[in-house]
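Understanding the architecture of this molecule
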There are 2 protein chains.
Amino acid sequence: MAAQKKITRAEQKALRPIQILDAAFEEFVRSGFTGTRVEDIAERVGVTKGTVYVYFETKEKLFEAMIHHFSVPFQELLGITEGLSGSATDRLLSILGLLYEQIAEDRTTRELTRLVIAEGHRFPDLIDRHHDQFIEPIIAKVDALILEGVASGEFREIPVEFSEIVVAPILTTTVLRLIFDDRRVPTPNKEAFLRAYFDLLLNGLLAKN
Amino acid sequence: MAAQKKITRAEQKALRPIQILDAAFEEFVRSGFTGTRVEDIAERVGVTKGTVYVYFETKEKLFEAMIHHFSVPFQELLGITEGLSGSATDRLLSILGLLYEQIAEDRTTRELTRLVIAEGHRFPDLIDRHHDQFIEPIIAKVDALILEGVASGEFREIPVEFSEIVVAPILTTTVLRLIFDDRRVPTPNKEAFLRAYFDLLLNGLLAKN
DNA sequence: TATAATTGACTGACGCATTAGTCAATGAAA
DNA sequence: TTTCATTGACTAATGCGTCAGTCAATTATA
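Residues numbered from 1 in each chain as written. Chains lettered and ligands numbered in written order. Predicted model: local features only at pLDDT ≥ 70, side-chain atom pairs only at ≥ 80, totals over all residues.

**Observations concerning the protein's contact with DNA strand C**
- Close contacts around DNA strand C come from 20 residues, with A:V47, A:G50, B:T8, B:G50 and B:K59 the closest.
- The set of elements that each furnish at least two residues to the surface near DNA strand C consists of α1 (9-35) and α3 (49-55) of chain A together with α2 (38-45) and α3 (49-55) of chain B.
- Residue composition of the surface near DNA strand C, grouped by class: four nonpolar, seven polar and nine charged. (Near = placed C-beta within 6 Å. Helix = DSSP H or I, 4+ residues; strand = E, 2+ residues; numbered from the N terminus. Nonpolar A, V, L, I, M, F, W, Y, C, P; charged D, E, K, R; others polar.)

**Some remarks on the protein's contact with DNA strand D**
- Neighbouring residues of DNA strand D: 20 residues in total, closest A:T8, A:G50, A:K59, B:V47 and B:G50.
- Of all the secondary structure elements, the ones that give two or more residues to the surface near DNA strand D are α2 (38-45) and α3 of chain A together with α1 (9-35) and α3 of chain B.

**With respect to the interface of chain B and chain A**
- Facing 45 residues of chain B, the contacting portion of chain A comprises 45 residues.
- The leading source of residues in the side of chain B that touches chain A is helix α8 (residues 164-180) of chain B, at 11 residues.
- Its residues placed into classes, the side of chain B that touches chain A shows 28 nonpolar, 10 polar and seven charged. (Contact = placed C-beta atoms within 7 Å.)

**Quick word on the packing of helix α5 (residues 88-104) of chain B against helix α7 (residues 124-151) of chain B**
Residue and element names in this part refer to chain B.
- Viewed as axis vectors pointing N to C, α5 and α7 meet at an angle of 160 degrees, and their least axial separation amounts to 9 Å. Of the possible angle classes, the one that applies to α5 and α7 is roughly antiparallel. With respect to the hand of their crossing, α5 and α7 are arranged in left-handed fashion. Where α5 approaches α7, its residues A88, T89, R91, L92, I95 and L99 are matched on the opposing element by I138, K141, L145, E148 and G149.
- Residue composition of the contact of α5 with α7, grouped by class: six nonpolar, two polar and three charged. (Axes fitted to C-alpha atoms, helices over the stretch in contact; angles between N-to-C directions. Parallel < 35°, antiparallel > 145°, perpendicular 65-115°, else oblique. Left-handed = near helix turned anticlockwise from the far one by under 90°.)

**Regarding the UniProt feature "DNA-binding region" (unreviewed entry) in chain A**
- Using the residue numbers shown here, the UniProt feature "DNA-binding region" (unreviewed entry) corresponds to residues 37-56 of chain A.
- Counting secondary structure, residues 37-56 of chain A comes out at 75% helix and 0% strand; the distance between its end C-alpha atoms is 14 Å. (UniProt positions renumbered as here; feature names shortened; annotations may be inferred.)

**Examining the nonpolar core**
- Ranked by internal contacts, the top residues of the largest apolar core, which has 102 residues, are A:A24, A:V167, B:A24 and B:V167.
- Among residues more than four places away in sequence, those in contact with A:V167 are A:L96, A:L99, A:I138 and A:V142. (Core = buried A, V, L, I, M, F, W, Y, C linked by C-beta atoms within 7 Å. Buried ≥ 20, exposed ≤ 12 C-beta atoms within 10 Å, placed from the backbone.)

**Thoughts on the relation of the copies chain B and chain A**
- Rotating chain B by 180 degrees and translating it 0.0 Å along the rotation axis places it on chain A, where the RMSD comes to 0.1 Å. Seen this way, the second copy is the image of the first under a two-fold rotation axis. Across chain B, the smallest distance between a C-alpha and the rotation axis is recorded for B:G204, namely 1.8 Å.
- Here 100% of the interface residues in chain B have copies in chain A that are interface residues too; the copies meet face to matching face. (Least-squares fit on C-alpha atoms with pLDDT ≥ 70 in both.)

**Topic: helix α6 (residues 107-119) of chain B**
- Its 13 residues give α6(B) an end-to-end C-alpha distance of 18 Å, which sits within 8% of 18 Å, the value for a rise of 1.5 Å per residue.
- Turning to α6(B), its buried residues are B:T109, B:L112, B:T113, B:R114, B:L115, B:V116, B:I117, B:A118 and B:E119. (Expected span 1.5 Å × (residues − 1).)

**Observations concerning the domain arrangement of chain A**
Residues and elements named next belong to chain A.
- Each domain of chain A was delimited in the assignment, giving domain 1 (7-57) and domain 2 (67-203).
- Its C-alpha centre places domain 1 at a distance of 31 Å from the equivalent point of domain 2.
- The partner domain 2 presents eight residues to the six residues of domain 1 that form the contact.
- For the side of domain 1 that touches domain 2, the residue count by class is five nonpolar, one polar and no charged. (Domains from an automatic or database assignment.)

Below, the structure is given as structure tokens:
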């Protein structure tokens, strides 16, 4: 019935590392580095432990390769944001919206955040990579846009060394979903959340006027 | 030289559980639940593994007791905030300042947050306790104050179901310090950070007026 | 096309190290 | 002398990493 895709040995071999990395992601997310058994990863792929060691030298190397593999997609995001036009406000909100989708709503990014927090001690390189490829570019981008808005007169002057305050609701949503994932704390409705977030960010809490 | 405090056996025995819980905190924070050896905890106290098992049945029970022990001090905070007076703005900022000190700046609370994120899967009760004694009371408190401010005309009407947006900079600072703790990302100056946070929260980013 | 030879991806049992948990022996305080 | 907090050697179990052997897929030969 199903179109039987004939897979050659060479094709299967080329696929193996990625299958193993996918399985490793799930298991490491579930149990952390020390709590995960290489055998569980193998079982998830449908092979035995020996096969995993054909492709990866050690459990540590496998963990690092897995992080590296899943970190790639995010890097594309910051490129996309180059082509935006409009007022500083429009562009800032566009980027914050994209960041919300890519960080708070994307399971892979969320779980990578968990691993960075949980396993950072054991893998210092992980922290450095996360900073250089994730935190720093985001902060720099938001900094730049705020400065543009200040220069054009759209924004008040605010101290730019604290622009993590501006993106804070995104990371907070990420962490709350990481901890409570759908039980106890409901997943926020995206449109309603962004509306409230942007409204407060732009206009503040005070009623004056 | 030092005043030699004579410690009786009974006093020492009464002290042991707390010494073990303190040591357990440090070791579980350093290596996570699975990565921590009971022997390391014992060594930190200056006893051997057998002694630990006199006071705690299993490693799991010890972990749970440790979390319980260190979660207590935070509960006092929410009591303190009852006696505040002044405008809704003043009281909101007072509470946010206290929360910043107690969450972002207090190492114990920070590291408990790490354990909740890292070990929550293995200890579901931990998640529930954290929600009931930590997240929920904070959100409820901030909700209530915002509603008061809206009622008194101080605040604009904002959707109260998203008041985690208001406290987001606190949790974000906590997480960033957890990940980067002093290397790569500098620890923010408290006064300057709170000034920027409160200014943005009250007045927003837009220049209008 | 049919059969034999070869390859190499995968296996799984095993060695070795680690560690949770036990308990009879110890020795210092009372 | 008695009590009992502590010890540390022990076991049972677990899990990483290895590697000689297997067998299905592939290639060479008839």
